[in-house]
Amino acid sequence: MGDPTGRREAQRRRQNKPGPSEKYELRADGPTSMGSLAYREDLEEEKNSEFTWEVQANNQAYNSQFKEKVFLCWQRKKYKKNVIHTAKYNVFSFLPLNLYEQFRRFSNLYFLLIILLQSIPEISTLPSFTLLVPLICLLTIRAIRDLVDDIGRHKSDKIVNNRPCQILTGKSFLWRKWKNIRVGDLVCLHKDSIVPADLVLLASTEPSSLCYVETADIDGIKEGFPEEVCVQPQEIAHAKALRPGMPILEHPGGGWKVVCEEPNSRMHHFVGCLEWKGKKYPLDIGNILLRGCKVRNTDTCYGLVIYAGFDTKIMKNCGKIHLKRTKIDHLMNRLVILIFVSMVVVSMALAFGFWHKVKEFKAHHYYVSAMHPHSVAVEAFFIFWGYLILLSVLVPMAMFVMAEFIYLGNSVYINWDQHMYYEPQDLPAKARSTSLNDLLGQVEYIFSDKTGTLTQNIMTFKKCCINGVVYAESFPRPRGDPRQGLACASPPPPQENPFLWNKFADGKLLFCNTQLLQAVRANQDWRVREFWRVLAICHTVMVQEMNSECPPNPGDQLVYQAASPDEEALVTAARNFGYVFLARTQDSITLMELGEECVYQVLAMMDFNSIRKRMSVLVRKPEGSIYLYTKGADTVIYERLKKKGETEWATEEALASFATETLRTLCLACKEVEEDVYKEWRQRHQEASILLQNRAQALHELYEEMEQSLQLLGATAIEDRLQDGVLETIKCLKQGNIKVWVLTGDKQETAVNVGFACELLSENMIILEEKEIVRILEVYWENNNLQGGKKKELPLQFKMALVINGEFLDQLLLSLRKEPRALVQNVNVDPLESWQEPGEERVDFLQARRLSLMWRTLGIQLRSSGLIPQHKDSKTLRIAEKQRERAFVELASRCQAVICCRVTPKQKALIVTLVKKYQNVVTLAIGDGANDVNMIKTADIGVGVAGQEGMQAVQNSDYVLAQFCFLRRLLLVHGRWSYMRVCKFLRCFLYKTLASMMVQIWFSFYNGFTAQPLYEGWFLALFNLLYSTLLVLYIGLFEQDVSAERSLELPELYIAGQKDELFNYWVVLQAFAHGTATSLVNFFMTLWISQDSAGPVSLSDYQSFAVVVALSSLLSITVEIILITKYWTILFLLAIFLSLCFYVVMTSLTQSLWLFKHFPKNFPFLYADLNVLSQPHIMLVILLNVSLNTLPVLAFRVIYQALKKPQRKEEVEKVISEEITVEPVPCIRRESRARRSSYAFSHREGYADLITQGTILRRSAGVNSDMLVDHTVPPDEPSGSMKESLWYPRKMSFLGRKRHSHHGKVSSEDMQPPSEVSSSLTMDGQAVCPSSPPSQQSLAIWIFTGEVAIFS
Amino acid sequence: MTWSATARGAHQPDNTAFTQQRLPAWHPLLSASIALPLFFCAGLAFIGLGLGLYYSSNGIKELAYDYTGDSGTGNCSVCATAGQGRAPPPPCSCAWYFSLPELFQGPVYLYYELTNFYQNYRRYGVSRDDSQLSGLPSSLRHPVNECAPYQYSAAGLPIAPCGAIANSLFNDSFSLWHQRQPNGPYVEVPLDRTGIAWWTDYHVKFRNPPLVNGSLALAFQGTAPPPNWHRPVYELSPDPNNTGFINQDFVVWMRTAALPTFRKLYARIRQGNYSAGLPRGAYRVNITYNYPVRAFSGHKRLIFSSISWMGGKNPFLGIAYLLVGSLCILVGFVMLAVYIRYQDQNDDEDDDE
């Protein structure tokens, strides 16, 4: 609790310090291409590579000898303590520091300067309190807020610094506090304790000295910071694997010495070496436990502190929350500058007027001539400054402070909103950033993650097809709350759970089909048997038995932990139908088949990968026969079938129907393998698996050989369940002209599937494929080049959708920089793909027709060469690159839907940046996982879905929602309201400032340009502070133009925000004109009336005049604000009443005798209001002023509204008719078949290896169990399964490395001879695109597939 | 912040009208049905008001005379030329003759008007010491710096009252003589010189310093009069209630004008036979011409005016009201036209809603 908040504070604190940490920051204005990003990282790599950081374990004398120079000859210890102070202030530093901080804001500084200027009597035009009082008030308000914040930080610091931990002191570990930890200490950590500093892991109680840590608490500083598990160097683990902890106690200090790099912010990176007993062991990030992680499932571990306190990686990384600012904020700042500049200009003009006038004054007006001791120029110069002070009231000082409060208020509303409260998780929405509310009302692009954001990441076994017979749910549940009860607690007679016969049945499974159940229990059909066996055997799921004392249901004893929820769903389905997967060892799988326990010997596991699209397990059945069980994508399986009969056709039909329901399908097959065939195969398999070169290729070929002439068993259909309300939300957002792009790390097939499921894609859309995209873009570039940069629109009328692959995106945008021809080269010719899928090569007539039709519409002269600019110099390249990016963004933005799959977190951010850069729109990114962090931070608004994938997205987001569907309310209601409120507030504020203060300028023409203030000083001081504040504040906090319900019903209202309709320069101009008009009326009407009038109390004297104008202004403004407020509540009346009360009370106070007696100079308007307002005709003057200001505007508005209404209606009609004309365009259907074979495991390759190697099997019964104490997760933890999903074994890094090599190989094969390039280029529209685009593995996929992998 | 579920619903937001932004509210719509009556009513009311104002303003009589003394504008030109270029100008007097054919309805007020005189000049306006004027003895001796260069006299004595405003006190004086019968004797009309300042100014804001030994003169001992003054402040009037800082002419002058053209009340005529107004007959105003205005091409005028409930003569206010009122009616008709023209659509629209 304490630490993350503390860290956040530290982030805020450091946000202004540029440091090495900025390298991952993706700035909108910075270079956007991937290349430059990578470059920056490389550069970073160069630095800090010296090993100057030496730590000796338990040797304080040694460690404290290192000093670092701080200032001149003052030195301090180089190694920081583990104390953390994130609080900004202490008792003494609060005042000076806070003032310093506040005066760093331009507006405060400006007013301070003005106040200082005021103290010069020559130019002091306003009484000093006029600006001083508001400034002090505003500073105080701010300071109080900061103080409250800081007190909170102090508290959290204290909590963090006083956390207990065990430090080796002497011969034993004693409980100390975190703040006592010093570099070089040996620390003992237990299960569930938080790592207090960056440690080198020395030993743990786990086998192989692993230590499992949960990094959910580390706010994902960087993309895809993988869940950390530290592996200890094998040698050392071996050296003291006798008994945990013992070696450390035996060697206090142990002579361990770590030499490593200086503290840096790279979370992923660490280089160092450990010296022990004269031997050196290399250390990398895998050996480091980072501060803030939580030790999980590891009983005890020991570490050596190398970085403490602010040197830790997490603290070093805190420096980069970038300050997001809203469009309006920018406009506001520009506006203030504009006002300031125009103020200077006006001051100069008026001073110039004085220049002329002062000669006359000096020469003729004898009563003042003695007051001009200086020359004309000097006097005019003084007057210029005088006017600068006088007109400084035109700069809206209070605006920023009030805007801050309004932002705060609107954020609080978001937190308060019941409609965005998710009861199952007890999660209200939360606005973490309080300065982006208005931007929520202007969003045009939403970039959404798929898994966990659009989908629940819950896979439900929906249907299956066995032997050509489709089994769906027998009792279709009413669509609704899936949480309610058991699946088959059916609507008709409340019958008992059909799975009762099976004590392992998982009550949570929702699928059941009585017919199928009967078939299974009858145990007649071998195909049915084998079908479930495939599901129960062919997977990589791990099982964990829960040792709860009295399980309510024996089924709860088994907890499956799968790399992908798909697998879990399949295995659970099998379990419910009586084929219970009980346990697995390195080479065996134990099943409970209809109550009978059987052990299958696993002979080989042929793992899934994205090219194979299938997974097979070769097992020896208990009775001795060898079987190959395979599951995989239907296209893949169908190619390898022995025969294609009626069943196969029926299954294919079933598959098609599944696909149209956007279910994820999978085919199951099996075959019996002859013993001798297996033996021969095994021989070769063993040979292949020890190959040093091309091992993967060889294995692939072997697998391929084995997986032939299969027998089809059936198919399964799994629903990737969308989150509640996703459909409606997306529809609603689309109506509000918001484009939703899906960026996912998932497979293309899965992504498209979900695209269809949430109706982003529809059947009548053309899904552009890579080749088509390239072609369109080329045409675009060519046109642009020929026309000399003149933009030509992409001539597209179809409803299009863009489904794009991360790698392709890379090629598209990067190829220019590195290899000009790479783009064309890689589009179609993928050696792996063609090697793998020869069946795809056949000509697809439908597609060909579609393409040619499209080319005709595009009017393209197909060309075979000259498509890519050949210039190589960097400038042209950059221009070309920019054009490329622009073209891509333009194309994408014209598509109805864009889905980017298999994109890395960095690419996600890149896409967001590109759109931001070239479309100049407000972007919102929503995601729930660590892989979305980059995108969330890059987008204008980042929304974190507080889901199951940890807290990293949430920690980096600006808004936290529990469900995707709340986005609708967040944008359409809160966003729109906030935007409208802020706009109205700003407009009112500008208006009121101008309307009240412009009279100063007009008055100058009547007082000889002598900078005489018109208003009383106190009126000026309190006007912005009290008299007119409440009303604009009310508008900013409470105004509603339409109710929340109506906002949701009419998403079209949202468009106003996207177009900046409510606040732009035109609106500013209107406010300016209106304000000027009001001030003119107030001043000149009063002037003309006073010129004629004379009486015992006329308004011809200065004070009366000032009072009349001031009151007229105040009332005009009040009435105007009353009129534009559309939401009158009791609070509004209160605000009006209070404002007027403030005026009455404060005026009578400042004009009271008592104050005059004591400070006659500061309160000169003694009883002015009282005298003036007791005259009836003066009231009439004020009435005239106010009505003259109000009535014309009112009339204008009424007439304008009356005229606009019919117009708007016409527009709507026009839009509708336009839409109709769009419809008849021939919509070309894409085969739904393309979507069908799309079952893609969302998990990653490599688990089979882990299983077969036994690395992660230590918890299986009988294996290594003596090493364990008790590692079962307490079953009483309600969110246990969710929490567990947060930690992954460290073996990931091994996977990553492996993949790396593989990737390298693929890319080397990508390099085709140029002849092939040209051949692919010359292919015209008839060219064949494989219906499933190449899906190679990408290095980074494993980080962000966005799925939960569960291992423990 | 932990999101872990604690007690169920622990984080559930309150369901109140305020937190859910569902406060009962009235959504005022600017529909024609509200705006039309409003405009017509306002128009009628304003026209009524305007008519009232206009007629009462018309009922006010005003009689003005420019006595600046531009050549050929009467006998004050002698004084004007005499005073030219000499400071202080020599005492001079001139007269203004006029006759009233009928009763000048009372109460009659006498004003003087100055033009092109910048009392609202910033440094002029602040060149005063309010605490001195409120009778603070310490301020009497130590005037504030704003008074400079009229803070201390050449001899180093503090000036009381200090500052440029006081120094430039208007010092013309007038007396009014009435000739009841042609060729009859002129009778002096009593001018009430009191009650011409704001009550609060005279009673609160301006105070004489505490008397020393019962004498105002002693209280002002050790101070110098402003350089342009011929007599010390305590001799402004023989009336002890109208001398010193509370001399009403002085108080009136010290209330600076907002604009370079201004009128200041000089006297009221309300005593004796003249309480009902100035009866018909010939009149003469004797003017003591002291105040030089020609240097800055200003003008001095003398004005007799009756007043009504709305102060002095002011046709502008009435006209303005009439204008605004008729504009309201006009706009009302325009709105009506627009409303009728688009009524059908609006009705449809309303049905939709």
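Definitions and cut-offs
- Residues numbered from 1 in each chain as written.
- Chains lettered and ligands numbered in written order.
- Predicted model: local features only at pLDDT ≥ 70, side-chain atom pairs only at ≥ 80, totals over all residues.
- Heavy atoms only, no water.
- UniProt positions renumbered as here; feature names shortened; annotations may be inferred.
- Patch = residues over 30% accessible without salt bridge, like charges linked within 9 Å, V, L, I, M, F, W, Y side chains within 5 Å.
- Areas by Shrake-Rupley, 256 points an atom, 1.4 Å probe, with all protein chains shown as cover.
- Salt bridge = Lys/Arg side-chain N within 4 Å of Asp/Glu carboxyl O.
- Lys, Arg positive; Asp, Glu negative; His and termini not counted.
- Charge placed at Lys NZ, Arg CZ, Asp CG, Glu CD.
- Helix = DSSP H or I, 4+ residues; strand = E, 2+ residues; numbered from the N terminus.
- Buried < 20%, exposed > 50% of the residue type's maximum accessible area, 1.4 Å probe, protein only.
- Pairing = 2+ DSSP bridges.
- pLDDT = per-residue confidence, 0-100.
- Contact = heavy atoms within 4.5 Å.
- Phe/Tyr/Trp six-rings, centres within 6.5 Å; stacked < 30°, edge-to-face > 60°.
- Lys NZ or Arg CZ within 6 Å of the ring centre and 35° of its normal.
- Axes fitted to C-alpha atoms, helices over the stretch in contact; angles between N-to-C directions.
- Left-handed = near helix turned anticlockwise from the far one by under 90°.
- Nonpolar A, V, L, I, M, F, W, Y, C, P; charged D, E, K, R; others polar.
- Buried area = accessible area lost by both parts, 1.4 Å probe.
- Polar contact = N/O pair within 3.5 Å; in protein donor to acceptor, adjacent residues only side chain to side chain.
- Expected span 1.5 Å × (residues − 1).

- The name an unreviewed UniProt entry gives chain B is Cell cycle control protein, with Muntiacus muntjak as the organism.
- As stated in UniProt under Subcellular location (unreviewed entry), the record for chain B gives "Membrane".

- The name recorded for chain A in an unreviewed UniProt entry is Phospholipid-transporting ATPase, from Muntiacus muntjak.

1. Focus on a positive patch on the surface
Residues and elements named next belong to chain A.
Right, on to step 1. A contiguous patch of positive charge, built from Lys 67, Lys 77, Lys 81, Arg 176 and Arg 182, is present on the exposed surface.
Right, on to step 2. Relative to the elements of secondary structure, Arg 182 occurs in the loop between strand S5 (172–177) and strand S6 (186–190).
Right, on to step 3. According to the relative accessible area criterion, Arg 182 is partly exposed, its value standing at 39%.

2. Examining the UniProt feature "transmembrane region" (unreviewed entry) in chain B
Residues and elements named next belong to chain B.
Right, on to step 1. Listed under "transmembrane region" (unreviewed entry) in the UniProt record, and renumbered for this structure, are residues 34–55 and 316–340.
Right, on to step 2. For residues 34–55, the end-to-end C-alpha separation is 32 Å, with 100% helix and 0% strand making up the annotated structure.
Right, on to step 3. A helix fraction of 100% and a strand fraction of 0% characterise residues 316–340, whose end C-alpha atoms lie 36 Å from each other.

3. Section: the sheet that holds strand S17 (residues 443–448) of chain A
Right, on to step 1. In spatial order, the strands read S16-S35-S34-S33-S17-S29-S32-S31-S30 (chain A); together these 9 strands make up an open sheet with mixed pairing. Edge positions in the sheet fall to strand S16 (430–431) and strand S30 (766–768) of chain A, since each of these pairs with one other strand and no more.

4. What about the confidence of the model for chain A?
All names here are of chain A.
Right, on to step 1. Predicted confidence across chain A gives a mean pLDDT of 72, with 69% of residues reaching 70 or more.
Right, on to step 2. When pLDDT is averaged over each helix and strand of chain A, the minimum, 30, is found for helix H49 (residues 1341–1344) and the maximum, 94, for helix H40 (residues 1130–1150).
Right, on to step 3. For the stretch residues 1–48, pLDDT sits under 50, and the model shows 105 contacts to residues farther than four places along the chain or on other chains.
Right, on to step 4. In the predicted structure, residues 216–246 sits below a pLDDT of 50 and forms 105 contacts with residues beyond four places in sequence or in another chain.

5. Some points on the packing of aromatic side chains
For any two aromatic rings, the description comes down to two numbers: the centre-to-centre distance and the angle of the planes.
Right, on to step 1. Under the definition given, this model contains 80 aromatic pairs over all chains.
Right, on to step 2. Look at Tyr 109 of chain B and Tyr 111 of chain B: their rings are 6.4 Å apart centre to centre, the planes differ by 20°, and that puts the pair in the stacked class. The burial state of Tyr 109 of chain B is the same as that of Tyr 111 of chain B; both residues are buried.
Right, on to step 3. A cation over an aromatic ring shows up here: Lys 621 of chain A above the ring of Tyr 627 of chain A, its NZ or CZ 3.9 Å from the ring centre.
Right, on to step 4. The aromatic ring of Trp 198 of chain B is capped on one face by Arg 255 of chain B, whose charged end is 3.5 Å from the ring centroid.

6. Points about a negative patch on the surface
Residues and elements named next belong to chain A.
Right, on to step 1. A grouping of Glu 623, Glu 672, Glu 674 and Asp 676 is seen on the molecular surface, where their side chains present a negatively charged patch.
Right, on to step 2. Tracing the backbone shows Asp 676 in helix H19 (residues 675–689).
Right, on to step 3. Among the residues examined, Asp 676 registers a relative accessible area of 55% and is labelled exposed.

7. Section: the pairing of strand S31 (residues 800–805) of chain A
Every other side chain in a regular strand lies on the same face of the sheet, so the side chains alternate between the two faces.
Residue and element names in this part refer to chain A.
Right, on to step 1. Among the 6 residues that make up S31, 6 are buried, leaving the element largely enclosed by the rest of the structure.
Right, on to step 2. The alternating pattern of S31 places Met 800, Leu 802 and Ile 804 and Ala 801, Val 803 and Asn 805 on opposite faces, both of which are buried.
Right, on to step 3. Sheet topology note: the S30/S31 ladder contains 3 bridges and is parallel. Bridging from a neighbouring strand, Leu 768 pairs with Leu 802 of S31.
Right, on to step 4. The sheet contact formed by S31 and strand S32 (residues 897–901) spans 5 bridges and is parallel. Bridge pairing in S32 links Ala 801 to Ala 897.

8. Things to note about the packing of helix H5 (residues 106–118) of chain A against helix H6 (residues 129–161) of chain A
Residue and element names in this part refer to chain A.
Right, on to step 1. The geometry of H5 relative to H6 is characterised by a closest axis approach of 10 Å and an angle of 150° between their N-to-C directions. Seen from above, H5 lies across H6 with left-handed handedness. Mapping the contact onto sequence places Asn 108, Phe 111, Leu 112, Ile 114, Ile 115 and Gln 118 in H5 and Leu 131, Leu 132, Leu 135 and Leu 139 in H6.
Right, on to step 2. Across the contact of H5 with H6, the residue classes break down as 8 nonpolar, 2 polar and no charged.

9. Focus on the interface of chain A and chain B
Right, on to step 1. Each partner contributes to the interface: chain A provides 106 residues, whereas chain B provides 94 residues.
Right, on to step 2. Considering only the side of chain A, the residues that lose the most area to chain B are Tyr 366, Tyr 367 and Met 371 of chain A, jointly responsible for 9% of the buried surface there.
Right, on to step 3. The tally of links between chain A and chain B comes to 3 salt bridges.
Right, on to step 4. Notably, a salt bridge pairs Glu 379 of chain A with Arg 123 of chain B, separated by 2.9 Å at the nearest N-O pair.
Right, on to step 5. Where chain A touches chain B, the interface holds 28 residue pairs in polar contact (both at pLDDT 80 or more).

10. What about helix H29 (residues 905–919) of chain A?
Right, on to step 1. In this model, H29 of chain A (15 residues) spans 21 Å end to end at C-alpha, consistent with the 21 Å of a helix rising 1.5 Å per residue.
Right, on to step 2. Of all 15 residues in H29 of chain A, 13 are buried; the element is thus mostly enclosed.

11. Focus: the confidence of the model for chain B
Residues and elements named next belong to chain B.
Right, on to step 1. Predicted confidence across chain B gives a mean pLDDT of 85, with 92% of residues reaching 70 or more.
Right, on to step 2. For chain B, the element scoring lowest by mean pLDDT is helix H11 (residues 343–352), at 51; helix H6 (residues 164–167) scores highest, at 92.
Right, on to step 3. Segment residues 1–7: pLDDT under 50, and 16 contacts once partners within four positions in sequence are set aside and those in other chains are kept.

12. Digging into the pattern of salt bridges
Residue and element names in this part refer to chain A.
Right, on to step 1. For the coordinates displayed, the defined rule picks out 39 salt bridges over all chains.
Right, on to step 2. One salt bridge in this structure joins Asp 146 and Arg 142, with 4.0 Å as the shortest N-O distance. Here Asp 146 and its partner Arg 142 are both found in helix H6, 4 residues apart, which amounts to about one turn of the helix.
Right, on to step 3. Between Glu 530 and Arg 533 there is a salt bridge, with the nearest N and O atoms lying 2.9 Å from each other.

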